[in-house]
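An overview of the molecular structure
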2 protein chains.
Amino acid sequence: MGSIQEQAPVKKLMQLNFFDMACAGSHMPYGQWKEPGDMAQFKDRLEYYQWLAQLAEKGKIISIFFADVYGGHDVYGGNMDVMLKGGSNVGVIDPVTIVAAMAAVTKSVSFGITGSTSYIAPYILARTWSSLDHVTRGRIGWNVVTSYSESAAKAMGKDRVPPSHERYEAAEEYLDLTYQLWEKSWEDGAAVWGSKEQPDTVYDPKKVHKIEFNGKYHKCSAYHQTHPSPQRTPVIFQAGASKFGIEFAGRHAEGIYTDMQDRPSLLAHTKAVREAAARNGRNPADIKFFAAVTPFIGRTLEEAQEKYHRAKKNMNGEVSLAKFSAYSGVDMSQYPLDEPFVFDGNTTSSNIITGVVNSMKAMFDKFDGPVTPRMFGEKMSLSGFAPVGTPEMVADAFEEQFNETDIDGFNIVYVSNPGSYEDVVELLVPELQRRGLMWQDYAVPGGTFRENIHSKPGERFLALDHPGAKYRKTQNSAANSHEVTASSA
Amino acid sequence: MGSIQEQAPVKKLMQLNFFDMACAGSHMPYGQWKEPGDMAQFKDRLEYYQWLAQLAEKGKIISIFFADVYGGHDVYGGNMDVMLKGGSNVGVIDPVTIVAAMAAVTKSVSFGITGSTSYIAPYILARTWSSLDHVTRGRIGWNVVTSYSESAAKAMGKDRVPPSHERYEAAEEYLDLTYQLWEKSWEDGAAVWGSKEQPDTVYDPKKVHKIEFNGKYHKCSAYHQTHPSPQRTPVIFQAGASKFGIEFAGRHAEGIYTDMQDRPSLLAHTKAVREAAARNGRNPADIKFFAAVTPFIGRTLEEAQEKYHRAKKNMNGEVSLAKFSAYSGVDMSQYPLDEPFVFDGNTTSSNIITGVVNSMKAMFDKFDGPVTPRMFGEKMSLSGFAPVGTPEMVADAFEEQFNETDIDGFNIVYVSNPGSYEDVVELLVPELQRRGLMWQDYAVPGGTFRENIHSKPGERFLALDHPGAKYRKTQNSAANSHEVTASSA
């Protein structure tokens, strides 16, 4: 048995994740629903989700992530007309209701499900996610969101959305409480189901404990209702990039979905989060980053370019503007859609925040000549990391982006559906595998999300340096210790 | 086309419903988990739920009802020890997470899912149930509960559970709000998906409306997030029998699950609820009652009796007492379990409510000689409608109970699992069908819950006299009008 230093360094493999939103329509402004055979209208059917899960598993995609929001994007014009008309982020299906059907037809692909810390009682969310982890046999992640929008607040009968720092402070408590429900309430071995010593016992009451939590934002006095699921705590994901989001991610996240696409931003963001992790006593490498990418893949360059141009033609610039308005808080409908628009922080809105001003400026710098709001909207959604080409060309782009940033994989944004997903599985994945960039099969086929994301069989539970792990009584489990795993290799 | 009077009266068919609770264990105190081959430990697996759904569909069972609670039964001894040890009502799986997998392997069986009006935001519940209705293609009911227990309140961080009348007052508002989200927010025809007139429109914004609700208990200003599901409003079920529960049922319920088992109680309860319906301008016959029954069916009488005696032997009387304590609020652990116990309203508890005193007295009247609390507990769960015999004998009992009360069907309580369920499907259903008491097939195979519960193709939506129907703009839909259906037959 050699020490860890003597072993050859393990090459980091690239992970691919599918990005979707459970809604009858699209969550992106590509407007592809008009193409013949597009699946947009069938996204309220189980058949779609079961097909997607099976395709992902065929392509050894680690997981499928479902974005989610409450309310809707109603800043643009003060209503949801543009989003409704464009079929974007509307017609929403609660993702917790569809996962079981996807799990029933697969064995290894995992699922990242968004859940809000602002509007669901922690006791209920803990039960729902434990249930999802049971029925998927450990293939569940929780994308923690604090729900930033006024429309969500109003849907819940609140007058306003609390400021970001307050939402994150409440979320800190929320996670602390859910960790206790997941990790502390039920000890390992609580399930007896009759033994020589305890012939009449199903669950040993001595090993099941009531959680008493009395915080500023959350209170709970209860036993966790669900017995321990395969992972206990679902894999914790996070997507926020505000300064509070970064600190929160450093403390809690095991995975990050980021929509940043240019290398300087990605390098800065991964560095900031990994530093926050280190400050919190965690191994920075334990946080896995999935960066957004919108690939256009063809068997020939011409085919790929044709797909890109069709996407551009179908692109609904006004939906893009309406989403921008929701995220920035600036109602862009105040500017005539097809008239030249001179960007100026003062003329747009005095409320506009600096970050938004900067990203708008960067966007406008890409134009030559006059820009209309519609052009701006169209540009916005196709200006990120969107490689166009043959499988080899797109694999080159993925490889370069992967090597020159500190990410762990990609969050695949679809444009056409089923085309974009199929192209990744049929064309890109084989090329990435041929290059040794991607696994040939799941690290732990039939295993849990956490085992696969760390490529470590047995790594079912939160790492010992994670803040949730301190509540687990059986912390010395060999299967879950980095040290033991490394030295026994 | 004859008038409705000229038609032969339609014989009311008996409906069967399966009663379960999504928990790794049992929701009844029968203690059958010790029997070889019992499924109790596998009730955290999808395989169990998919098997159950397929078996139910094979037996033309109209629906599977999942009971649910938050918190747990912790009045007895001030903790959950007895419930945990007995594996009853613990190890709970959130039922909303399992339905899709059951729907994916069936076409006609429906699902009644419990949801609380006290701890889930109406906007969220409306979205979740709409989603369930979409993914099941209209096979969803909502069993409305107000959550009576202190343990649920404390799990949610509340100091106390509000009194019954206050919970029901809040539930009235809650239903009014969810009806508006389901029936009024999206008009029929809102989904365009491109037409000659509106080539760029997915959802017509003119047909989607924001709901503004400003009540004493609930507020909401939002568009319903989910486009109309096959039934819009799920089939509304209710199970409470308090005076507030009866009024509430009269106004809202389309189905009732009742645990009453003796004929006088059933006759009084159905009468009270149907009268409440009439007072609210509704057709009393539109409310379908499913009464609890615990059948023991054998190919021979001896086999059935053997099943009954095994159930009696396995029965965990203390679990039964702990459940009784939770429902009544009286901690029965204060009386030695195996010492004679003289029942006296004063000696038990001054807080004991009259209804509980009466039901305890009725129970005690069935004993000759001294009674211990354990004996009381054991008696309690086997004293209801529990016919024991051959398929013919049990069918006789079902037929008599059906004919001599005003119920519409039975809620089958399992004892052994899978045995109890299989016996109903394999042995009892064919006998009921042979007698013409039960349908040969679903009235509307592949149809919605509401169509099947009313045996009327096209009856997908709330009846016009239901309080939720007033919010639907397209009320004059021929398919959903009683009058038109009757006169066109």
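Attention here is on the structure that accompanies the text. Within every chain, residues take consecutive numbers counted from 1 along the sequence as written. Lettering of chains starts at A and numbering of ligands starts at 1, both following the order in which they are written. Local features are withheld for residues below a pLDDT of 70 in this predicted model, meaning they are given only at 70 or higher, and side-chain atom pairs are given and counted only at 80 or more; totals for whole chains, interfaces and linings count all residues. Computation of side-chain values covers all heavy atoms of the structure but excludes hydrogens and water.

Brief notes about the pairing of strand 2 (residues 63-67) of chain A
Residues and elements named next belong to chain A. Note the cut-off: Throughout, exposure labels follow a simple rule: accessible area from a 1.4 Å probe, protein chains only, divided by the maximum for the residue type, with under 20% read as buried, over 50% as exposed, and the rest as partly exposed. Helix and strand assignments come from DSSP, with helices taken as H or I runs of at least 4 residues and strands as E runs of at least 2, each series counted from the N terminus. Any two strands between which DSSP finds at least two bridges are classified as paired. For crossovers, right-handed means that the path from the first strand over the helix to the second runs clockwise, given strands pointing away from the viewer.
Counting buried positions over the five residues of strand 2 gives five, a clear majority of the element. Burial of strand 2 is two-sided: the residues S63, F65 and A67 facing one way and the residues I64 and F66 facing the other way are all buried. Relative to strand 2, strand 1 (residues 15-21) runs parallel, the two sharing five bridges. When the sheet's bridge partners are listed, M21 is paired in strand 2 with A67. Regarding the hand of the β-α-β motif, the stretch spanning strand 1, helix 1 (residues 46-58) and strand 2 is right-handed.

Some points on the sheet that holds strand 3 (residues 110-116) of chain B
Pairing between the strands of a sheet is mediated by backbone hydrogen bonds and can be parallel or antiparallel. Residue and element names in this part refer to chain B. Let me state the cut-off plainly: All axes are obtained by fitting lines to C-alpha atoms, using only the stretch in contact for helices, and the reported angles, taken between N-to-C directions, cover 0 to 180 degrees.
The sheet built from eight strands closes into a barrel, its strands ordered 1-2-3-4-7-8-9-12 with parallel pairing. Sheet twist, expressed as the average angle between the axes of neighbouring strands with direction ignored, equals 30°. For strand 3 and strand 4 (residues 140-145), the ladder comprises six bridges, and the chain directions are parallel. Across the sheet, G115 pairs through a bridge with V144, a residue of strand 4.

Brief notes about the relation of the copies chain B and chain A
Copy one and copy two of the chain differ by a rotation about an axis and a translation along that axis. Cut-off, in case you're wondering: When the copies are overlaid, the least-squares fit takes in C-alpha atoms only where the residue has pLDDT of at least 70 in both copies. Contacts were defined at the residue level, with two residues in contact if any of their heavy atoms lie within 4.5 Å.
Of the transformation placing chain B onto chain A, the axial shift is 0.0 Å and the rotation is 180°, giving an RMSD of 0.0 Å. Here the symmetry operator amounts to a two-fold rotation axis. Measuring from the rotation axis to each C-alpha of chain B, the shortest distance belongs to A101 of chain B, at 2.0 Å. Taken together, the interface assignments show that 100% of the residues at the interface of chain B recur at the interface of chain A, consistent with an identical surface on both copies.

Quick word on the pairing of strand 3 of chain B
Residue and element names in this part refer to chain B. When you tally the buried positions in strand 3, you get seven out of seven residues, the bulk of the element. Residues S110, G112, T114 and S116 line one face of strand 3 and the alternating positions F111, I113 and G115 line the opposite face, and both faces are buried. Of the strand pairs in this sheet, strand 2 (residues 63-67) and strand 3 are connected by four bridges, and their pairing is parallel. Bridged to F65 within strand 3 is G112. Note on the crossover from strand 3 through helix 4 (residues 122-135) to strand 4: the handedness is right-handed.

Quick look at the sheet that holds strand 7 (residues 235-238) of chain A
Residue and element names in this part refer to chain A. If you walk around this closed barrel you meet the eight strands as 1-2-3-4-7-8-9-12, and the pairing is parallel. Mean inter-strand twist for the sheet, computed between neighbouring axes without regard to direction, equals 30°. The pairing of strand 9 (residues 288-293) with strand 12 (residues 409-413) spans four bridges and is parallel. Across the sheet, the residue bridging to A291 is F410, located in strand 12. Across the face of the sheet, helix 1 comes into contact with strand 1, strand 2 and strand 3 (110-116) while running at roughly 170° to strand 1.

Focus on the side chain of D94 of chain A
In plain terms, the rule: Whenever a nitrogen or oxygen atom comes within 3.5 Å of another N or O atom, the pair is scored as a polar contact, on the condition that within protein one atom can donate a hydrogen and the other can accept it, and that pairs from neighbouring residues in sequence are kept only if both atoms are in side chains.
Here D94 of chain A lies in the loop between helix 2 (81-86) and helix 3 (99-104). Within polar-contact distance, the side chain of D94 of chain A engages the backbone nitrogen of V96 of chain A at 3.1 Å. If we skip the residues at most four places from it in the chain, D94 of chain A touches R127, T128 and S131 of chain B.

Comments concerning the interface of chain B and chain A
Here is the rule we go by: Note on definitions: buried area is the accessible-area loss of two parts on being combined, 1.4 Å probe, summed for both. Whenever Lys or Arg places a side-chain nitrogen within 4 Å of a carboxyl oxygen from Asp or Glu, that contact is recorded as a salt bridge.
With 71 residues of chain B at the interface, the matching set in chain A holds 71 residues. Each partner contributes to the roughly 6,100 Å² buried at the junction of chain B and chain A, and carbon and sulfur atoms together form 59% of this total. Taken together, the links from chain B to chain A amount to ten salt bridges. Salt-bridge contacts for D159 of chain B lead to K219 of chain A; the nearest nitrogen and oxygen are separated by 3.2 Å. Scanning the region where chain B abuts chain A turns up 40 residue pairs in polar contact (both at pLDDT 80 or more).

Focus on the nonpolar core
If you look at soluble globular proteins, the nonpolar side chains tend to sit buried side by side. The line we're drawing: Think of a nonpolar core as a cluster: buried Ala, Val, Leu, Ile, Met, Phe, Trp, Tyr and Cys residues, connected wherever their side-chain atoms sit within 4.5 Å.
Ranked by internal contacts, the top residues of the largest apolar core, which has 237 residues, are L16 and F18 of chain A together with L16 and F18 of chain B. Non-local contacts of F18 of chain B, meaning those with residues more than four positions away in its chain, are made with L52, L55, A56, I61, S63, I64, F65, N411, I412, Y421, V424 and V425 of chain B.

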